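# Reading the structure
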Amino acid sequence: MKLLEGKNVIITGASRGIGKGIAEVFGNAGANVAFTYSSSEAPALELEKELSGMGVKAKAYKSNAGSFAESEELVAQVLEDFGGIDVLINNAGITKDNLLMRMGEDDFDKVIEINLKSVFNMTKAVQRTMLKQRKGSIINMSSVVGVKGNAGQANYAASKAGMIGFTKSVALELGSRNIRCNAIAPGFIETEMTDKLDEKTVQGWRDAIPLKRGGSPEDVANACLFLASDLSAYVTGQVLNVDGGMLT
Ligand code: NAP
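Here's what I pulled together on the structure shown here. (Residues numbered from 1 in each chain as written. Predicted model: local features only at pLDDT ≥ 70, side-chain atom pairs only at ≥ 80, totals over all residues. Heavy atoms only, no water.)

On to the packing of helix α3 (residues 68–82) against helix α4 (residues 105–133). Where α3 meets α4, the axes come as close as 9 Å, and the angle between the chain directions of the two elements is 35 degrees. Relative to α4, the crossing made by α3 is right-handed. Listed contacts from α4 to Phe 68, Ser 71, Glu 72, Leu 74, Val 75 and Leu 79 of α3 are Lys 117, Phe 120, Asn 121, Met 122, Lys 124, Ala 125, Val 126 and Thr 129. Here the contact of α3 with α4 is built from residues that sort into eight nonpolar, three polar and three charged. (Axes fitted to C-alpha atoms, helices over the stretch in contact; angles between N-to-C directions. Helix = DSSP H or I, 4+ residues; strand = E, 2+ residues; numbered from the N terminus. Left-handed = near helix turned anticlockwise from the far one by under 90°. Contact = heavy atoms within 4.5 Å. Nonpolar A, V, L, I, M, F, W, Y, C, P; charged D, E, K, R; others polar.)

Let's shift gears to the pattern of salt bridges. Tallied over the full model, the rule gives six salt bridges. Where Glu 113 meets Lys 110, a salt bridge forms, and the shortest distance between an N and an O atom there is 3.5 Å. Placement of the pair is Glu 113 and Lys 110 together in helix α4, with a separation of three residues, close to one helical turn. Taking relative accessible area as the criterion, Glu 113 reaches 27% and is therefore assigned partly exposed. Note on Lys 110: relative accessible area 35%, which makes it partly exposed. Salt-bridge contacts for Arg 206 lead to Glu 190; the nearest nitrogen and oxygen are separated by 2.9 Å. Linking Arg 206 in helix α8 (residues 199–208) with Glu 190 in the loop between β6 (179–186) and α7 (192–195), this pair joins segments that are 16 residues apart in sequence. Assessed through its relative accessible area of 33%, Glu 190 is described here as partly exposed. Overlapping salt bridges bring together Glu 190, Glu 199 and Arg 206 as one network. (Salt bridge = Lys/Arg side-chain N within 4 Å of Asp/Glu carboxyl O. Buried < 20%, exposed > 50% of the residue type's maximum accessible area, 1.4 Å probe, protein only.)

It is at 10 Å that the axes of helix α1 (residues 17–28) and helix α2 (residues 41–52) come closest, and there the two elements cross at 15 degrees. By the angle class used here, α1 and α2 are roughly parallel. Along this stretch, α1 crosses α2, giving a crossing that reads as right-handed. Across the interface between the two elements, Lys 20, Ala 23, Glu 24 and Gly 27 from α1 touch Leu 47, Glu 50 and Leu 51 from α2. Along the lines of polarity and charge, the residues of the contact of α1 with α2 split into three nonpolar, one polar and three charged. (Parallel < 35°, antiparallel > 145°, perpendicular 65-115°, else oblique.)

Let's shift gears to the sheet that holds strand β5 (residues 136–141). Pairing is parallel across the open sheet formed by seven strands, whose spatial order is β3-β2-β1-β4-β5-β6-β7. With partners counted over all chains shown, the strands left at the sheet margins are β3 (58–62) and β7 (239–242), one partner each. Strand-to-strand, the axes of this sheet are offset by a mean angle of 20 degrees, without reference to chain direction. Alignment of strand β1 (residues 8–11) against strand β4 (residues 87–90), held across three bridges, turns out to be parallel. By the bridge assignment, Val 9 is partnered in β4 with Val 87. The sheet contacts of α2 involve β2 (32–37) and β3, and relative to β2 the element is tilted by about 175 degrees. The sheet strands contacting α3 are β1, β2 and β3, and the helix crosses β3 at an angle near 160 degrees. (Pairing = 2+ DSSP bridges.)

Note on aromatic pairs: each is described by the distance of the centres and the angle between the planes. Going through the model one piece at a time under the given rule, you end up with two aromatic pairs. For the pair Phe 68 and Phe 120, a centre-to-centre distance of 6.0 Å together with 25 degrees between the ring planes defines the contact as stacked. Placement of Phe 68 in helix α3 and of Phe 120 in helix α4 is noted, with a sequence separation of 52 residues between them. Of the residues examined, Phe 68 reaches a relative accessible area of 31% and is grouped as partly exposed. Judged by relative accessible area, which is 34%, Phe 120 ranks as partly exposed. (Phe/Tyr/Trp six-rings, centres within 6.5 Å; stacked < 30°, edge-to-face > 60°.)

Written out as structure tokens, the structure is:
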């Protein structure tokens, strides 16, 4: 039997990058995958087709994770379409990097809304279902930047650090109902998000990583697979670094 056979999973922001990698690894592990995107419809529909070809149920939903109302509507629709939710992965995220001197209020607010408030929105929306079934796993995609900070990313670092506090609090609140909540802190994972960086910066990062390479979406997805499955049945409130040793 596959590790996530018959489990229903929601992943936010899976039209590309890490989210897409998680969807693929989870599909291969037998999970039914509901996933969101905010604007990239064509790649999302392509992923829906790819996952369906694996013999699991899969559906793409256009939903802004930063909107409380849209998150509630999404979860209601997924419950109707899939019949239950066992795992939530809060993965959607954006960057709007700048030195504090040049960072506008909008750049701060938008990053907090999409990266952090989204986690509140989605966790609230699935909470009732997981409480009723007395089981669930919630995984929040933080970042090494949320643990150690980064010049030029005060907004992003604040959002990712906030996710860690949220994760630990939810783990404490919902643990007695067998609902686990953990965070993953990826290091430098090579996706479209990091394509924006110049090659010299990227090479500098690779050289500084003990494993001497950037990570892949699959590296992060495999950590999610552990935290989503019963292999981690006694793990909650943790931050798992998937960073090639960057923070060591
Ligand atoms: P990415 O390639 O830019 O993909 C981001 C995904 O999020 C896309 O599918 C995008 O879909 C979706 N998205 C953006 N805004 C959304 C919204 N408001 N509602 C719903 N979906 C939305 O990013 P990534 O590198 O895969 O990163 C995924 C997560 O890992 C993020 O939370 C990021 O902060 C975190 N992370 C990444 C790294 C890294 O090195 N790459 C390191 C640490 C942490 P649309 O195109 O449709 O908007």
